[in-house]
Amino acid sequence: MVSTCLYFRNISLFLTLLIPRENISVHSFQYPVTIPAQKRFVRLQALTREDAMTSQIIARRIRNSRTNRGRIATPKTKEKDSSPERNAGSPPSPKRALKVIKKTKANVSRPKKGFRLPYECTIEALRSYHRIYGDLAMPRKFVVPEHSDYPKEWHGLDLASTVYNMKWWQKHVKQNPDHVADLNKLGFIWERLQTDWNLVLEALVTYSSFHNDVMVPIGFVVPHDTAWPKATWGINLGRAVYQIRARNDFIRGSSASSRRAQLDRLGFVWDVSEYRFQKFYKALRHFSNLERIKAPGISDLYKALRVPSTFVVPSGSSDWPEYLWDYPLGAKCQAVRSKELYIKNNPERQAALMELGFQRSGNATLGWLEVVHAAAIYSKMHNRHLDVPLKFVVPAPPHVSRDCELNEEDTCIAGSDEAWPYPEQLWGLPLGQRLKDVRVKGAYLKCSAADSRRAQLDALGFNWSPKRGRRKGSGNKA
């Protein structure tokens, strides 16, 4: 007989058995439960700690049913009993069990509010809070502790969610000038009676004034600071922004279009992934432009882009826009290469980075490929003899200034780039210094591919032990 074996290692997992009451074989929640698959249907529901008591009651009833199995039961008259322990010898129906659990969760996880308590009791609780903390800038949810400072009726109730609610205002404050005066003396924050959307929008406006954007971290909570409006203190602004993007909170219904327009005017970012990629792309493009400005001529045509892994955009630099200050460009490049950050399953972004000269193979591998490529061309031009002068730099095609037929101010290139032996991405490469580093420091040879790279250099006629002394004509010769 096929059987289903379920294991329970945590009391927070509750087993609801939708099975007949006879032939039950259940040992405990801490041990295997074996139930014939043909006759049983088992449903597993995950519950929280507050359901532990209910789970223990159900488990005890199931164990009792197993103990009483086989005994001759005397018929009894059915009696209506509302006690939770009725029919202890049989497991409860799933419908009743779930009903009890939902009621328990609602009572435990969600503190009640005190709308029905009289105004005098509520104002006394507010005075106690003001006496302890000096104001009424309560957290968004403040559950009154069981302390003698507060009225006993308010113990365990949510004071903040009660008083800062239009329902309480309409019932106890509206058209009661004396109550308004009492609350004003305590510093009641009337602005908190606004809708949640107005408060979130006001907090976003303030955040934008400080950071010039609304890219709020998910864990950001509005501080109790006078620089922020008092009505927004304690708002979990990061979570609110995340829920606007993920669940369209506050932007549903008839007012959705107007609220979206308000967020757009603040520069709200709807697609965080695209925003972060664009920031990385702009920083990389700016880095490329600066490298070309530093070395005009050959380097401005050199496409291979290298960013040091530790490079961070300098703060306060006039060469960089302010929104990129302190941006860890080097670390981002490493993450793009190793983890495919921003570009995974996105060929358009990969192509955009390739146009900038970004190489996904990494700086080390890219450097070796450039060196061996340039060395192969040099070796072919020198009859398979690779003995490169130290100061040799891969040259670009010669540029000459002459008058052209169409425009006398044009700068024309003598010859054709296609006829030049060295490709464009190698122009400006210090091949002599690189090969010296290979020979003296073992550069590019401290990895698992060292043997194959040595073999490549040997095949090109690399001179591992050149003669010492100054060479004649050691300049740049193609």
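Structural data are supplied above this passage.
Notes on the structure follow. (Residues numbered from 1 in each chain as written. Predicted model: local features only at pLDDT ≥ 70, side-chain atom pairs only at ≥ 80, totals over all residues. Heavy atoms only, no water.)

## A few points about helix α3 (residues 119-133)
Taking 1.5 Å as the rise per residue, α3 with 15 residues should run 21 Å; its terminal C-alpha atoms sit 21 Å apart, in good agreement. For α3, the secondary structure elements touched by its buried residues are α4 (159-163), α5 (166-173) and α6 (177-185). Backbone geometry just downstream of α3 places glycine 134 in the positive-phi region, at approximately 90°. (Helix = DSSP H or I, 4+ residues; strand = E, 2+ residues; numbered from the N terminus. Expected span 1.5 Å × (residues − 1). Contact = heavy atoms within 4.5 Å.)

## A look at the nonpolar core
Nonpolar side chains in soluble globular proteins tend to end up buried together. In terms of nonpolar packing, the biggest core is built from 48 residues, with Leu126, Met138, Leu159 and Leu237 touching the most fellow members. Going through the elements one at a time, α3, α4, α5, α7 (196-211) and α8 (237-247) are the ones with two or more residues in this core. Here this core gets seven residues from one element, more than from any other, and that element is α7. With sequence-adjacent residues up to four places away left out, leucine 237 is seen in contact with Val200, Ala203, Leu204, Tyr207, Val216, Phe220, Val221 and Val222. (Core = buried A, V, L, I, M, F, W, Y, C linked by side-chain atoms within 4.5 Å. Buried < 20%, exposed > 50% of the residue type's maximum accessible area, 1.4 Å probe, protein only.)

## Some points on a positive patch on the surface
Together, Lys113, Arg116, Lys141, Lys167, Lys171 and Arg239 make up a positively charged patch on the protein surface. Looking at the secondary structure, you find arginine 239 in helix α8. When its relative accessible area of 47% is taken as the criterion, arginine 239 is described as partly exposed. (Patch = residues over 30% accessible without salt bridge, like charges linked within 9 Å, V, L, I, M, F, W, Y side chains within 5 Å. Areas by Shrake-Rupley, 256 points an atom, 1.4 Å probe, with all protein chains shown as cover. Salt bridge = Lys/Arg side-chain N within 4 Å of Asp/Glu carboxyl O. Lys, Arg positive; Asp, Glu negative; His and termini not counted. Charge placed at Lys NZ, Arg CZ, Asp CG, Glu CD.)

## Remarks on unusual backbone geometry
Despite not being glycine, asparagine 212 has its phi angle at roughly 60°, a positive value. A positive phi angle, near 60°, is found at asparagine 345, a position not held by glycine. Along the chain, asparagine 345 turns up in the loop between α11 (329-339) and α12 (347-355).

## A closer look at the packing of aromatic side chains
Aromatic ring pairs are described here by two measures, namely the spacing of the ring centres and the angle between the planes. With the rule as written, the count across this model stands at 20 aromatic pairs. Residues tyrosine 164 and phenylalanine 188 carry aromatic rings whose centres are separated by 4.6 Å and whose planes lie at 25° to one another, so their mutual orientation is stacked. One end of the pair, tyrosine 164, is in the loop between α4 and α5; the other, phenylalanine 188, is in the loop between α6 and α7, and 24 residues separate them in sequence. In this structure, tyrosine 164 and phenylalanine 188 share a single accessibility class: buried. Here the aromatic rings of phenylalanine 462 and tryptophan 464 are separated by 4.7 Å at their centres, their planes lie at 90°, and the arrangement is edge-to-face. A connected cluster of aromatic rings, assembled from ring pairs, spans Tyr129, Tyr133, Phe142 and Tyr150. Taking the ring centre of tyrosine 164 as reference, the NZ or CZ of arginine 192 above it sits at 4.1 Å. A cation over a ring is seen here: arginine 260 above tryptophan 270, with NZ or CZ 4.5 Å from the ring centre. (Phe/Tyr/Trp six-rings, centres within 6.5 Å; stacked < 30°, edge-to-face > 60°. Lys NZ or Arg CZ within 6 Å of the ring centre and 35° of its normal.)

## Details of α5
Trp168, His172 and Val173 are the residues of α5 that are buried. Each buried residue of α5 sits inside an arc of 80° when the element is viewed along its axis, so together they form one side. Every exposed residue of α5 that faces more than 90 degrees away from the buried side is listed here: Lys167 and Lys171. Its buried side turned inward, α5 meets α3, α4 and α6. Glutamine 175 sits one or two residues past α5 and shows a positive phi near 60°. (Arc of directions from axis to C-beta.)

## Some points on the side chain of aspartate 249
Mapped onto the elements of the fold, aspartate 249 is located in the loop between α8 and α9 (256-265). Judged by relative accessible area, aspartate 249 falls into the buried class, the value being 14%. Not counting chain neighbours up to four residues away, the residues in contact with aspartate 249 comprise Gln243 and Ile244.

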